[in-house]
Amino acid sequence: MVDTKIIQGFANWCYDHFPPEKRTERCAEECAELIQICLKMGRTDYDQAKLNQCRDKLVEEMSHVLFTMENVRRHFNITPEELDEKVKEKYAKYGVELPE
């Protein structure tokens, strides 16, 4: 998916430099910005030129959400295994076979 070392590295820096009370707020803000660009892309009528213009912003906001989610995960001591279990529940809900 993504290079987790890069995400982890910046997430570590953010975790050390931003106050704890700002971690969830920052994540929410980044999620809101990702939602906005996703909605904007949906309004392009899938015009390729317009989609291409939005793509860079989409990638930027996705990266911001990834590292802020990592900060929130760490802040609340959520393990990767807990997240894996929730994903497995989605597989089961939709009757999708887990990959090997």
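A brief look at the structure comes next. (Residues numbered from 1 in each chain as written. Predicted model: local features only at pLDDT ≥ 70, side-chain atom pairs only at ≥ 80, totals over all residues. Heavy atoms only, no water.)

**What about helix H1 (residues 4-17)?**
Next, step 1: The end-to-end C-alpha distance of H1, which contains 14 residues, comes to 20 Å, matching closely the 20 Å that a straight helix rising 1.5 Å per residue would cover.
Next, step 2: Among the residues of H1, Ile7, Ala11 and Cys14 are the ones counted as buried. All buried residues of H1 project into a common sector of 60° when viewed along the axis, lining one side. Away from the buried face of H1 by more than 90 degrees, exposed residues Lys5, Ile6 and Asp16 are located.
Next, step 3: The inward-facing, buried residues of H1 contact helix H3 (48-75). (Helix = DSSP H or I, 4+ residues; strand = E, 2+ residues; numbered from the N terminus. Expected span 1.5 Å × (residues − 1). Buried < 20%, exposed > 50% of the residue type's maximum accessible area, 1.4 Å probe, protein only. Arc of directions from axis to C-beta. Contact = heavy atoms within 4.5 Å.)

**Focus: a nonpolar patch on the surface**
Next, step 1: A surface patch of nonpolar side chains, about 300 Å² in accessible area, is lined by Phe10, Trp13 and Phe18.
Next, step 2: Within the fold, Phe18 resides in the loop between H1 and helix H2 (20-42).
Next, step 3: Overall, the relative accessible area of 37% leaves Phe18 in the partly exposed class. (Patch = residues over 30% accessible without salt bridge, like charges linked within 9 Å, V, L, I, M, F, W, Y side chains within 5 Å. Areas by Shrake-Rupley, 256 points an atom, 1.4 Å probe, with all protein chains shown as cover. Salt bridge = Lys/Arg side-chain N within 4 Å of Asp/Glu carboxyl O.)

**Details of the layout of surface pockets**
Next, step 1: A volume near 450 Å³ is recorded for the largest pocket.
Next, step 2: Residue lining of the largest pocket: 13 residues in total, with Leu66, Met69, Glu70, Arg73 and Leu83 positioned closest to the centre.
Next, step 3: Sort the elements by how many residues they give to the lining of the largest pocket and H3 lands first, with five residues.
Next, step 4: Partitioned by chemical class, the residues of the lining of the largest pocket number nine nonpolar, two polar and two charged. (1 Å grid on protein atoms, 1.4 Å probe; cavity = no way out; pocket = protein on both sides within 12 Å on 5 of 7 lines; lining within 4 Å. Points joined across faces, edges and corners; volume = space filled by probe spheres on them. Nonpolar A, V, L, I, M, F, W, Y, C, P; charged D, E, K, R; others polar.)

**Topic: the pattern of salt bridges**
Next, step 1: Counted by the stated rule, this structure contains seven salt bridges.
Next, step 2: For the salt bridge of Glu61 with Lys57, the shortest nitrogen-to-oxygen distance reads 2.8 Å. On the criterion of helical spacing, the pair formed by Glu61 and Lys57 is a turn pair, its members being four residues apart in helix H3.
Next, step 3: One salt bridge connects Glu70 with Arg73, and the closest N-O pair in it is separated by 2.7 Å. Pair noted here: Glu70 and Arg73 are both in helix H3, with a separation of three residues, about one helical turn.

**Some thoughts on the packing of H2 against H3**
Next, step 1: Look at H2 against H3: their axes get within 8 Å of each other, and the N-to-C directions meet at 155°. Regarding the angle of H2 to H3, the classification is roughly antiparallel. In the packing of H2 onto H3, the handedness of the crossing is left-handed. (Axes fitted to C-alpha atoms, helices over the stretch in contact; angles between N-to-C directions. Parallel < 35°, antiparallel > 145°, perpendicular 65-115°, else oblique. Left-handed = near helix turned anticlockwise from the far one by under 90°.)

**Considering the packing of aromatic side chains**
Next, step 1: With the rule as written, the count across this model stands at three aromatic pairs.
Next, step 2: With centroids separated by 5.7 Å and ring planes inclined at 15°, the aromatic side chains of Phe10 and Trp13 adopt a geometry described as stacked. You can see Phe10 and its partner Trp13 sitting in helix H1, three residues apart, about one turn around the helix.
Next, step 3: Taking the relative accessible area as the measure of exposure, Phe10 reaches 37% and is therefore partly exposed.
Next, step 4: Here the aromatic rings of Trp13 and Phe18 are separated by 6.0 Å at their centres, their planes lie at 90°, and the arrangement is edge-to-face.
Next, step 5: Taken together, the ring pairs in this structure connect Phe10, Trp13, Phe18 and Phe67 into an aromatic cluster.
Next, step 6: Here Arg23 stacks its cationic end above the ring of Tyr15, 3.7 Å away from the centre of that ring.
Next, step 7: The ring of Tyr15 carries Arg74 above its face, with NZ or CZ at 4.0 Å from the centroid. (Phe/Tyr/Trp six-rings, centres within 6.5 Å; stacked < 30°, edge-to-face > 60°. Lys NZ or Arg CZ within 6 Å of the ring centre and 35° of its normal.)

Geometry only, nothing functional implied.
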